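Structure at a glance
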Amino acid sequence: MIDRQLQTTLEARLRERPAVVLTGPRQAGKTTLARRVGEAWNALYLDLESDRDRGLLAEPELYLERYLDRLVILDEAHRMPQLFPLLRSLIDRARLAGRQQGLYLLLGSVSPEVSRQAGESLAGRASYLELGPFGVLEVPDEERLWLRGGFPESYLAPGEPQSLRWRQDFIRAYLERELPLYGARLPTETLRRLWVMLAHLQGGLLNLARLAGSLGLDGRTVSRYLDLLADLLLLRRLMPYEANVGKRLTRSPKLYLRDSGLVHALLGIDSLEGLLSHPVAGSSYEGFVIENLLQALPEGAQGFFYRTRAGAEVDLLLEFPRGQRWAIEVKRSLNPRPSRGFHSALADLQPERAFVVYPGRETVPLGGNLEARPLHLMAQLLISG
């Protein structure tokens, strides 16, 4: 059993609020985490994809009102949207009886749908958390995590062939079953081509017209599918930082498939040696670092990138709730010397701190407010505040 960083936060939210909504991509470990928390809370677990458990809820009000003194975990909660108004009523009933904490933990793989249903019915009663795949602070082998990605069954597979096969099956399941459930109408092969193109474009600027033209589709269709992948927490749009620096700025978002293991599976990369010799290695590592650091951000902080037409660039610009900014460059090199474009960006933005994240093992001062840090130490710095 691998400890998840989110567990402490999840239990704290359950002590504060009557309902917590936990979303994340399929197979990221939501059910495992919920069951682990549920053991400590003596929770009732119901899987709404199970016919048996759905049958228990044939008369949901009669059934659930018997458990107002216990935490109830509802897995795949979006499968029964009719429950959400009832949960609001039961929460209000429990409040009148003096119980205001830890009534419901709702799990869902479809973040917007679960959040919309919960937002409409549980406004002011629910807290929201997102669980991603394993991160660099949760598992010991950073290179394995980069190659295989963080989905538990991929990372923990006994060998590289088994890990790659799991990811290939995961991609196939999404293409053939999951995406059509959420409105995908394109042929499976067209969707696969889109995913492969996104893997090749990892970390690149979105050029919707070029992407659509390569697929033989119109821009609105491709945009809709990018939205769907983002909603399913598989794709990240990293937005450009809007700074008033008197420079011509890049306005398009950068696109990253959020799990590096899926990038490599889509490109047929089956070993670390194959990855290091592949043209995608640099951008894959950049996306891997950015995703891990964004998962480590404290509540209220946001991530952007910064790029000017003149070549000034910051791979990840973090803005904290009080307005403090940290600039980060990612380098897949043991020589952590920052680029000229990074120095130019620092002169534009004047961030409070600046870092180069690199695959070394030690923190290296680089002069002024600039230092090089390994990824796990950078993530620890963010989590510790």
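Preceding block: the structure.
Residues numbered from 1 in each chain as written. Predicted model: local features only at pLDDT ≥ 70, side-chain atom pairs only at ≥ 80, totals over all residues. Heavy atoms only, no water.

A look at the packing of aromatic side chains
- The full count for this structure, using the stated rule, is 12 aromatic pairs.
- Three or more aromatic residues joined by ring pairs form one cluster here, namely Phe151, Trp166, Phe170, Tyr174 and Trp195.
- Stacked on the ring of Tyr155, the Lys or Arg Arg144 has its end atom at 5.0 Å from the ring centre.
- Its end group placed over the ring of Phe305, Lys254 keeps NZ or CZ at 5.2 Å from the ring centre. (Phe/Tyr/Trp six-rings, centres within 6.5 Å; stacked < 30°, edge-to-face > 60°. Lys NZ or Arg CZ within 6 Å of the ring centre and 35° of its normal.)

Focus on helix 15 (residues 281-295)
- If you check helix 15, its first and last C-alpha atoms are 21 Å apart, about what 15 residues at 1.5 Å a residue would give, namely 21 Å.
- Most of helix 15 sits inside the fold, with 12 of its 15 residues counted as buried.
- Along helix 15, the positions that sit buried rather than exposed are Ala281, Ser284, Tyr285, Glu286, Gly287, Phe288, Val289, Ile290, Glu291, Asn292, Leu293 and Leu294. (Helix = DSSP H or I, 4+ residues; strand = E, 2+ residues; numbered from the N terminus. Expected span 1.5 Å × (residues − 1). Buried < 20%, exposed > 50% of the residue type's maximum accessible area, 1.4 Å probe, protein only.)

Notes on the environment of Leu147
- Along the chain, the position of Leu147 falls in helix 7 (residues 142-148).
- Accessibility expressed as a relative area gives 4% for Leu147, which makes it buried.
- Once the C-alpha coordinates of Leu147 and Asp3 are considered, the two residues, 144 residues apart in sequence, prove to be 21 Å apart.
- Setting aside anything within four residues of it in sequence, one finds Leu147 in contact with Glu160, Arg167, Gly261, His264, Ile269, Ser271, Leu272 and Leu275. (Contact = heavy atoms within 4.5 Å.)

Points about the environment of Ala281
- Along the polypeptide, Ala281 turns up in helix 15.
- Under the relative-accessibility criterion, Ala281 is labelled buried at 9%.

Quick look at the sheet that holds strand 11 (residues 353-358)
- Spatially, 8-9-10-11-13-12 is the arrangement adopted by the 6 strands of the open sheet, whose pairing is mixed. A single partner strand is all that each edge strand has here, and the edge strands are strand 8 (302-307) and strand 12 (364-365).
- Where strand 9 (residues 313-319) meets strand 10 (residues 325-330), 4 bridges bridge the pair, whose relative direction is antiparallel. Paired with Leu316 across the strands is Ile328, a residue of strand 10.
- Relative to strand 13 (residues 370-374), helix 17 (residues 375-384) is tilted by about 110°, and along the sheet it contacts strand 9, strand 10, strand 11 and strand 13. (Pairing = 2+ DSSP bridges. Axes fitted to C-alpha atoms, helices over the stretch in contact; angles between N-to-C directions.)

Overview of the packing of helix 1 (residues 6-16) against helix 2 (residues 30-41)
- Running from N to C, helix 1 and helix 2 cross one another at 50°; their axes reach a closest spacing of 11 Å. Relative to helix 2, the element helix 1 is oriented oblique. Remark: the crossing between helix 1 and helix 2 carries right-handed chirality. Listed contacts from helix 2 to Leu6, Gln7, Leu10, Glu11, Leu14 and Arg15 of helix 1 are Leu33, Arg36, Val37, Ala40 and Trp41.
- Per-class residue counts for the contact of helix 1 with helix 2 are 7 nonpolar, 1 polar and 3 charged. (Parallel < 35°, antiparallel > 145°, perpendicular 65-115°, else oblique. Left-handed = near helix turned anticlockwise from the far one by under 90°. Nonpolar A, V, L, I, M, F, W, Y, C, P; charged D, E, K, R; others polar.)

Details of the nonpolar core
- Within the largest apolar cluster, 73 residues are counted, with the highest numbers of intra-cluster contacts made by Leu179, Trp195, Leu198, Leu293, Leu318, Met378 and Leu382.
- For Leu198, the contacting residues outside a window of four places in its chain are Leu211, Leu226, Leu229, Leu235, Leu255 and Leu257.
- Val21, Val72, Leu74 and Leu90 belong to the second largest nonpolar core, which has 26 residues in total. (Core = buried A, V, L, I, M, F, W, Y, C linked by side-chain atoms within 4.5 Å.)

Topic: unusual backbone geometry
- Although it is not a glycine, Asn42 sits at a positive phi angle of roughly 55°.
- A positive phi angle, close to 55°, is found at Glu76, a residue other than glycine.
- Turning to its location among the elements, Glu76 is positioned in the loop between strand 3 (72-75) and helix 5 (83-96).
- Using a relative accessible area of 6% as the deciding quantity, one classes Glu76 as buried.

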